[in-house]
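Notes for the structure review
What follows is each chain in one-letter form.
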Amino acid sequence: MESFGVRLHRAVAERGPLCVGIDPHPGLLGRWGLSDDVRGLDRFARIATEALGDRVAVVKPQSAFFERFGSRGVEILESTIRQLRSAGALVLLDVKRGDIGSTVSAYASAYLDPSSPLYVDAVTASPYLGVGSLAPMFELAAAHGGGVFVLALTSNPEGAAVQRAVAADGRTVAQTVIDEISQLNRGAEPLGSFGLVVGATIGDTGHDLSAVNGPLLAPGLGAQGATAADLRTVFGSSLPSVLPSYSREVLNAGPDVAALRSVTERALADCRAVLAAA
Ligand SMILES: O=c1ccn([C@@H]2O[C@H](COP(=O)(O)O)[C@@H](O)[C@H]2O)c(=O)[nH]1
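All values reported here derive from a predicted model rather than from experimental measurement. (Residues numbered from 1 in each chain as written. Predicted model: local features only at pLDDT ≥ 70, side-chain atom pairs only at ≥ 80, totals over all residues. Heavy atoms only, no water.)

Focus: the packing of helix 3 (residues 38-52) against helix 5 (residues 70-86)
Relative orientation of the contacting elements helix 3 and helix 5 amounts to 10 degrees, with a least axis distance of 10 Å. Taken together, the axes of helix 3 and helix 5 lie roughly parallel to each other. Listed contacts from helix 5 to Val-38, Leu-41, Asp-42, Ala-45, Arg-46 and Thr-49 of helix 3 are Arg-72, Gly-73, Ile-76, Thr-80, Gln-83 and Leu-84. (Axes fitted to C-alpha atoms, helices over the stretch in contact; angles between N-to-C directions. Helix = DSSP H or I, 4+ residues; strand = E, 2+ residues; numbered from the N terminus. Parallel < 35°, antiparallel > 145°, perpendicular 65-115°, else oblique. Contact = heavy atoms within 4.5 Å.)

Put into structure tokens, the structure is as follows:
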């Protein structure tokens, strides 16, 4: 089985360096003329899948917006994942899981075991019970060609107080996360399967991403205020590993499929221009 790093590298080469999120906010359902209920959610997810599934390298459903409708919302998430994957997109489920290792093992089975109804290509994970507690996710991902994106420097302003706190050895908490993930990706070619989440909004923080050898998911573009040009400041020489991510910026163009595709193409062109100059 090919690794997630290999599959992601190919998807980006074929479709371009872009991740688009499916975040069915209540406000977006209203804007698309849909009801804030399971029917509206289903229609929203189907339209977004039609617009994105056959052209974007990575699609990132935000689990919270499906979970808020309970088991019927999760059913829609399951079918959205299946449709996106069969249209050729890699699915990164934004679910930010983390716990003690024995529980992380169950999360790993839920998302990274191919026999699970919620099986995806990759998930986001939170390292705040220790990066080592995520080992069951890393192991199952490696066994089945999956990926894990670990939060390092998030796009929200509140993240800095925790992530940039300085640990006993003088490194920031975020740098220890970065260094542990770098170890997991050592020697992988062309790219490791373990990524980091680094917000496009954070500016130049002086963190060293040079040894990561894995994908750097950059949310915060568009609705949170960052632009493609900001990627240069945040990532510097690590730009070639960046996977820019937009949700509301693209989804605001819906429900028209052609309009969603056109904003997606513009976002991709903006990001390509920055990444190609690296
Ligand atoms: O640091 C992070 C980590 C995850 N996110 C998620 O990405 C999208 C962003 O949505 P926009 O509409 O483009 O603002 C959302 O699902 C967040 O939960 C993030 O923003 N920052």
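Don't stop here, the text continues.
Observations regarding the environment of Leu-151
One can find Leu-151 in strand 5 (residues 147-153). Placed 63 residues apart in sequence, Leu-151 and Gly-214 show a C-alpha to C-alpha distance of 13 Å. Once you skip the residues sitting within four places of it in the chain, Leu-151 turns out to touch Lys-96, Ala-125, Ser-126, Pro-127, Tyr-128, Val-177 and Val-197.

Overview of the sheet that holds strand 8 (residues 242-246)
Taken in spatial order, the 8 strands close into a barrel running 1-2-3-4-5-6-7-8, and their pairing is parallel. Here the strands of the sheet are splayed against their neighbours by 30 degrees on average, with no regard to which way each runs. Bridge count between strand 4 (residues 122-125) and strand 5: 4 bridges; the pairing is parallel. Within strand 5, the residue paired with Thr-124 across the bridge is Phe-149. The strands touched by helix 7 (residues 135-144) are strand 3 (90-97), strand 4, strand 5 and strand 6 (194-198); relative to strand 5, the strand with the most contacts, the crossing angle is about 140 degrees. (Pairing = 2+ DSSP bridges.)

Some points on the pairing of strand 3
Looking down a regular strand, the side chains alternate between one sheet face and the other. Taking burial as the measure, the 8 residues of strand 3 include 7 buried ones, the bulk of the element. Pairing of strand 2 (residues 58-61) with strand 3 involves 2 bridges; the strand directions are parallel. By the bridge assignment for strand 3, Val-58 is matched with Leu-90. Both strand 3 and strand 4 contribute to a ladder of 3 bridges, which runs parallel. Bridging from a neighbouring strand, Leu-92 pairs with Ala-122 of strand 4. In terms of handedness, the path from strand 3 via helix 6 (residues 101-112) over to strand 4 forms a crossover that is right-handed. (Buried < 20%, exposed > 50% of the residue type's maximum accessible area, 1.4 Å probe, protein only. Right-handed = clockwise from strand over helix to strand, strands pointing away.)

Quick word on helix 12 (residues 257-276)
Its 20 residues give helix 12 an end-to-end C-alpha distance of 28 Å, which sits within 8% of 28 Å, the value for a rise of 1.5 Å per residue. Every buried residue of helix 12 is listed here: Val-257, Leu-260, Val-263, Thr-264, Ala-267, Leu-268, Cys-271, Val-274 and Leu-275. Buried residues in helix 12, looked at end-on, bunch into an arc of 140 degrees, giving them a common side. For helix 12, exposure combined with an orientation more than 90 degrees from the buried face picks out Ala-258, Arg-266, Ala-273 and Ala-276. (Expected span 1.5 Å × (residues − 1). Arc of directions from axis to C-beta.)

Quick look at the pairing of strand 1 (residues 19-22)
Here strand 1 shows no split at all, with Cys-19 and Gly-21 on one side and Val-20 and Ile-22 on the other all buried. Strand direction decides the pairing type here: strand 1 and strand 2, joined by 4 bridges, are parallel. Looking at the pairing, Val-20 lines up with Val-59 of strand 2.

What to know about the site of the ligand
Near the ligand you find 15 residues, and of these Asp-23, Gln-62, Ser-155, Gln-224 and Arg-248 are the closest. The separation between an oxygen atom of the ligand and a polar side-chain atom of Lys-60 is 3.1 Å. One of the side-chain nitrogen or oxygen atoms of Gln-62 is found 2.9 Å away from an oxygen atom of the ligand. For the shell around the ligand, the class distribution of residues is 5 nonpolar, 5 polar and 5 charged. (Near = heavy atom within 4 Å. Polar contact = N/O pair within 3.5 Å; in protein donor to acceptor, adjacent residues only side chain to side chain. Nonpolar A, V, L, I, M, F, W, Y, C, P; charged D, E, K, R; others polar.)

Re the UniProt feature "domain: Orotidine 5'-phosphate decarboxylase" (unreviewed entry) in the chain
The UniProt entry lists residues 17-263 under the feature "domain: Orotidine 5'-phosphate decarboxylase" (unreviewed entry), expressed in the numbering used here. Structurally, residues 17-263 is divided into 40% helix and 16% strand, and its ends, taken at the C-alpha atoms, are 15 Å apart. (UniProt positions renumbered as here; feature names shortened; annotations may be inferred.)

Focus: the state of the cysteines
Tallying each qualifying case throughout the model produces 0 disulfides. We note that Cys-19 lacks a disulfide partner, and the nearest cysteine sulfur, in Cys-271, lies 11 Å from it. (Disulfide = S-S within 2.5 Å.)

A look at the UniProt feature "active site" (unreviewed entry) in the chain
In the numbering used here, UniProt assigns the "active site" (unreviewed entry) feature to Lys-96. Checked against the element boundaries, Lys-96 lands in strand 3. Residue classification places Lys-96 among the partly exposed residues on the basis of a relative accessible area of 38%. Here Lys-96 is in contact with Gln-62, Thr-124, Ala-125, Ser-126 and Leu-151, once residues within four sequence places are set aside. Engagement of the side chain of Lys-96 in a polar contact is seen with the side chain of Asp-94, the distance being 2.7 Å.

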